[in-house]
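# Coordinates in review
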Amino acid sequence: MAATNPSFNATLDDSTKHTFVVEHMDPELESWQLLEYQTIGSECAAANSRFLLTGLPKAVPELALVEQSPQSVDDLVSSANIPKERVCLLDPRGESDLAPEDGDKFDVFVFGGILGDDPPRDRTAELRVKGFKGRRLGKEQLTTDTAARVTRIVVQDKIPLADVPYIDRPSIQVSAAESVEMPFKYVKGKDGKAIMPEGMIELLGDDADKGILDLL
């Protein structure tokens, strides 16, 4: 069950089919990251999965409904006695592409760093050394919430990675006179538009005087 306050009470001892873990690897927590983490949490809850946010220096009140932990994901996996072969690290350098059958092979899916760096900085390398099995989500850059969304689509909805519909580098209208090209690809929603966190377009509009990479 998701935490109802911003205290550190998350563990991996749970009967939920899949647990999605983001290891926060930045010293700060930006507004756009809050939106992404809130989105991952709500979408995981709707899919009967768990979302844990790990590696935090302190609990975040704005994410009170998200399970949070100051521990690293490998410490949580160890304390829960979860075999490392049941943990999947979503890694651009993984041994193979993520596949529907991986939903049966793995219980925990880990996302390291910010998968949306442009150009990529290989932040996942810090978790690669932990010994988890690696799986790829394709060559293109993804935001963290998109990576979690694609993973759920593949391992829970059993849709092959190649069949997930995308919009690459969408142009987002942030005001009547201005649009922003996002430097990543996003899952295409039923409305034909890129699926983005609620509030992200407004945030982009508020920061329209900044470059998109300054915001992200």
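Coordinates for the structure precede this section.
Read on for an overview of the structure. This is a predicted model, so every value here is computed, not measured.

## A closer look at the overall build of the protein chain
The helix and strand inventory of the protein chain stands at seven helices and eleven strands. Counting across all 216 residues of the protein chain, residues that qualify as buried make up 50%. Within the protein chain, contacts between residues separated by at least 24 positions form 68% of all contacts whose residues are at least 6 apart in sequence. Accessible surface, the protein chain as shown: approximately 10,500 Å² in total, 49% of it carbon and sulfur.

## Thoughts on the sheet that holds strand β7 (residues 133–136)
Read from one edge to the other, the open sheet built from seven strands follows the order β3-β2-β1-β6-β4-β7-β5, with strand pairing classed as parallel. In this open sheet, the two strands that pair with only one neighbour each are β3 (67–68) and β5 (96–97). Sheet topology places β5 next to β7; two bridges connect them, and they run parallel. For Asp97, the partnering residue across the bridge sits in β7 and is Arg136. Of the strands in this sheet, β1 (19–23) and β2 (50–54) are in contact with helix α1 (residues 31–46), which crosses β2 at around 150 degrees. Of the strands in this sheet, β1, β4 (87–90) and β6 (108–112) are in contact with helix α5 (residues 144–155), which crosses β6 at around 155 degrees.

## Considerations on empty space enclosed by the protein
Scanning the entire structure with this criterion turns up two cavities of 30 Å³ or more. Taken as a whole, the largest cavity holds about 50 Å³ of empty space. Lining the largest cavity are ten residues; nearest its centre among them are Glu36, Thr143, Met182, Tyr186 and Met200. Considered class by class, the residues forming the lining of the largest cavity number seven nonpolar, one polar and two charged.

## Brief notes about the pairing of β6
Counting buried positions over the five residues of β6 gives five, a clear majority of the element. Burial of β6 is two-sided: the residues Val108, Val110 and Gly112 facing one way and the residues Phe109 and Phe111 facing the other way are all buried. Direction of pairing for β1 relative to β6: parallel, over a ladder of five bridges. Considered in β6, the bridge of Val22 is made with Phe111. Sheet topology note: the β4/β6 ladder contains four bridges and is parallel. Residue pairing for β6: Val87 is matched across the bridge by Val108.

## Looking at the packing of aromatic side chains
Going through the model one piece at a time under the given rule, you end up with four aromatic pairs. On the basis of an interplanar angle of 25 degrees and a centroid distance of 5.7 Å, the ring pair of Phe20 and Phe109 is categorised as stacked. Remark: Phe109 occurs in strand β6 and Phe20 occurs in strand β1; sequence separation between them is 89 residues. A ring pair is formed by Tyr37 and Phe51, whose centres lie 6.4 Å apart and whose planes are at 45 degrees; its orientation type is tilted. With Tyr37 in helix α1 and Phe51 in strand β2, this residue pair connects regions lying 14 residues apart in the sequence. Judged by its relative accessible area of 2%, Tyr37 falls in the buried class. Since its relative accessible area comes to 6%, Phe51 is described here as buried. An aromatic cluster is present here, built from Phe20, Phe106, Phe109 and Phe111 joined pairwise through their rings. For the cation-ring pair, Lys185 lies above Tyr166, with the distance from its terminal atom to the ring centre recorded as 3.6 Å.

## Considerations on α5
Under the 1.5 Å per step criterion, the end-to-end length of α5 is 17 Å for twelve residues, consistent within 8% with the ideal 16 Å. The buried fraction of α5 is high, at twelve of twelve residues. Along α5, the residues classified as buried are Thr144, Asp145, Thr146, Ala147, Ala148, Arg149, Val150, Thr151, Arg152, Ile153, Val154 and Val155.

Basis of the calculations
Along each chain, residue indices are assigned from 1 in the same order as the chain's sequence is written. Side-chain atom pairs in this predicted model are given and counted only at pLDDT of 80 or more, local residue features only at pLDDT of at least 70, and totals for whole chains, interfaces and linings cover all residues. Side-chain figures throughout are based on the complete set of non-hydrogen atoms in the structure, without hydrogens or water. Each helix is a run of DSSP H or I of at least 4 residues and each strand a run of E of at least 2, with the numbering of both proceeding from the N terminus. Only protein chains enter the area calculation, which uses a 1.4 Å probe; residues under 20% of their type maximum are buried, those over 50% are exposed, and those in between are partly exposed. Note on contacts: a residue pair is in contact if any heavy atoms of the two residues lie within 4.5 Å. The Shrake-Rupley method, run with a 1.4 Å probe, gives the accessible areas here. Residue values count only the displayed protein chains as cover. Two strands qualify as a pair provided DSSP detects at least 2 bridges between them. Fitting a line to C-alpha atoms yields each axis, with helices limited to the stretch in contact; the angle taken between N-to-C directions then spans 0 to 180 degrees. A 1.4 Å probe that fits into a set of points on a 1 Å grid over the protein atoms alone but cannot get out defines a cavity; an open set with protein on both sides within 12 Å along at least five of seven lines defines a pocket, and lining residues are those with an atom within 4 Å of a point. Grid points are joined across faces, edges and corners, and a volume is the space filled by probe spheres set on the points. Residues are grouped as follows: Ala, Val, Leu, Ile, Met, Phe, Trp, Tyr, Cys and Pro are nonpolar; Asp, Glu, Lys and Arg are charged; every other residue, Gly included, is polar. Aromatic pairs are defined between Phe, Tyr and Trp rings, using the six-membered ring for Trp, whenever the two ring centres lie within 6.5 Å; interplanar angles under 30 degrees are classed as stacked, those over 60 as edge-to-face, and all others as tilted. We call a charge positioned over a ring when the NZ of a Lys or the CZ of an Arg lies within 6 Å of the ring centre and within 35 degrees of the ring normal. A helix is expected to span 1.5 Å multiplied by its residue count minus one.

Everything listed here is a matter of geometry and, on its own, says nothing about what the molecule does.
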